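One-letter residues, chain by chain:
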Amino acid sequence: MTTATTEETKNVPQDVKEPVKDGADAVAETNNKQAENNDKKPAVAEKDDKVAAPAAPVEPPQPKFSVKKQNFDKDVVYLYQFSRTPVIPSMSPYCLKVETWLRLAGLKYENVDHKMKHRSKKGQLPFIELNGEEIADSTLIIKELSQKFGKDIDAALNQDQRNISHAMISMIENKLVWVITWWKTKTPENVIKGYKLNLQHALGTWVPNGVLNFLFKHSYSRKGLKKVKAQGIGVHKPEEILEFGQNDLKVLSDVLGDKLYFFGNEPSTLDVVAFANLAQLYFLDKDVECQLRDYLVDNFGNLVEHTNRIKERCFPDWEEMCKNLDLNSHLPKPPPVEEKPKEDGDKKAAENKNTEKEAKESSDEKGDGKKEGEKEPEDK
C-alpha cells in the first residue's frame with residue numbers, strides 16, 4: 001500500500017505535486033496578497049505626490065525684437081543716420097530733416113553711433129527704432145511719431161495751407177534735392193572739401209584718409225550719377241539742371257515772403273524740409289565752388305535768414321557738435337571725475353618719503369650699536 005502510493009507519487013507531474021488548497025485556504029492567501037499590495041500603495045502614492053508637486057513659477061521669456069539696439073529704453077527714439085561733419089550735422093537732407101523735426105517736436109531721442117554700417121530693412125538712412133520696432137523713410141518716421149506722441153506741428157494749418165505744404169515738399173524732395181545730388185555726385189572732391197569730411201572718423205576705420213577719399217570719389221560719383229540719370233534729371237545739360245534748381249529757389253522765396261516761417265510765426269513740416277535741403281548748400285565751405293549756393297546767397301536773403309533762424313532755434317549746440325563731431329551733444333553728460341591736484345599728490349609723496357627715511361634712521365640707532373652691514377654673531 002505504502003509502496004504503491006510512493007510509486008504513484010513519483011509518477012505525478014511536477015506542476016501538480018502541490019496539494020490542492022481548499023476554498024478557505026485560497027481566500028486566506030488572496031487576502032494576504034491584497035494586504036501586501038495595500039502596504040506597498042502608500043509608497044507609490046508618495047512617489048506620485050512628489051511627481052505631481054507644483055513646480056516653481058517660471059518667469060516668462062523676454063520678448064525678442066528684430067532691432068539692432070536690444071537694450072532700449074521705452075519711448076526713446078533711436079536715430080540711425082550719417083556721421084557728423086565739421087560744417088553741418090548731416091550731409092543727408094533726409095537725416096537732417098528727421099533730427100530737426102525731433103528737436104522741434106521736443107521728443108527724447110538718441111543718435112546711434114553705428115559708423116554708417118547699418119541700413120534699414122528697406123536699405124535706407126535714416127531710420128529709427130522705437131520700442132523694439134523699426135521705422136524707415138523720413139516721411140513715414142515723422143508721420144508715425146506724430147501719431148504716437150501727438151506731436152503734429154502742422155495742427156494749426158488749414159486745408160489750403162496743408163495743400164500748399166504738400167505741393168512744396170514734393171517740389172523740394174522730388175526736384176531740388178536731385179539738383180543738389182547731381183552737383184554732389186558730379187564733383188565728389190567738392191563734397192569732401194565742402195563738408196570737410198574725415199572719412200576715417202566717420203567710418204571708424206584705420207584705413208588712411210587718402211585711400212578712403214579715392215574710394216569715396218569713385219563709388220560715390222559712379223553710384224550717384226547712376227541714380228540721378230535713372231531719376232531723369234541727369235539726362236539734361238548742366239546749365240538746364242542749374243536752372244531747375246534756381247527756379248525752385250525762387251518759388252520757395254516767393255512763398256516765404258517776409259514771414260518768419262512759411263505759414264506764420266511757428267515752423268511747420270515745410271520749414272523743416274526747406275531748412276534740411278537749403279542747409280546742404282548754405283553751410284558749404286565758402287572756398288568750394290558751387291553755383292547754386294552762390295545764387296541762393298546773392299538773390300534770396302529771406303531764405304538765408306530762414307535757414308539761420310531754424311538753425312538757431314533747433315540747434316543751439318550746432319558749433320559744439322560740428323567741432324567735436326558729437327552725435328549726442330544734446331544729451332546731458334555725466335559729471336567729470338574730480339582728480340586731486342597734482343601738487344597735493346607730490347606733497348603727500350614727499351611726506352611719505354621723509355617718514356620712511358626717519359623710520360630707517362631710528363631703526364639703525366636702536367640696532368644694539370651694530371654698524372650698517374655688520375653681521376649678527378652666529379650661535380655656537
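Rules and cut-offs
Residues numbered from 1 in each chain as written. Predicted model: local features only at pLDDT ≥ 70, side-chain atom pairs only at ≥ 80, totals over all residues. Heavy atoms only, no water. UniProt positions renumbered as here; feature names shortened; annotations may be inferred. Salt bridge = Lys/Arg side-chain N within 4 Å of Asp/Glu carboxyl O. Helix = DSSP H or I, 4+ residues; strand = E, 2+ residues; numbered from the N terminus. Buried < 20%, exposed > 50% of the residue type's maximum accessible area, 1.4 Å probe, protein only. Phe/Tyr/Trp six-rings, centres within 6.5 Å; stacked < 30°, edge-to-face > 60°. Lys NZ or Arg CZ within 6 Å of the ring centre and 35° of its normal.

- The name an unreviewed UniProt entry gives the protein is Failed axon connections, with Aphis glycines as the organism.
- In its Sequence similarities (unreviewed entry) section, the UniProt entry covering the protein states "Belongs to the FAX family."

Details of the pattern of salt bridges
Part 1: According to the stated counting rule, one finds 13 salt bridges in the structure shown.
Part 2: Glu266 is the salt-bridge partner of Arg313, the closest N and O atoms lying 2.9 Å from each other. One end of the pair, Arg313, is in helix H12 (residues 301-314); the other, Glu266, is in the loop between helix H9 (238-256) and helix H10 (269-282), and 47 residues separate them in sequence.
Part 3: Across the pair Asp294 and Arg293 runs a salt bridge, and its minimum N-O distance is 2.8 Å.
Part 4: Given the relative accessible area of 3%, Arg293 is considered buried.

Thoughts on the packing of aromatic side chains
Given two aromatic rings, their pairing is described by the distance between the two centres and the angle made by the two planes.
Part 1: Taken as a whole and assessed by the stated rule, the structure comprises eight aromatic pairs.
Part 2: Aromatic pair Phe275 and Phe315: ring centres 6.3 Å apart, planes at 25°, arrangement stacked. Remark: Phe315 occurs in the loop between H12 and helix H13 (318-324) and Phe275 occurs in helix H10; sequence separation between them is 40 residues.
Part 3: Phe315 sits in the buried class, given a relative accessible area of 2%.
Part 4: A centroid spacing of 5.0 Å and a plane angle of 75° characterise the contact between Tyr282 and Phe283, whose relative ring orientation is edge-to-face. Phe283 shares its class with Tyr282; the two are buried.
Part 5: Counting every residue linked through ring pairs, the aromatic cluster contains Phe275, Tyr282, Phe283, Phe315 and Trp318.
Part 6: Positioned above the aromatic ring of Phe244, the side-chain terminus of Lys175 is 4.5 Å from the ring centre.

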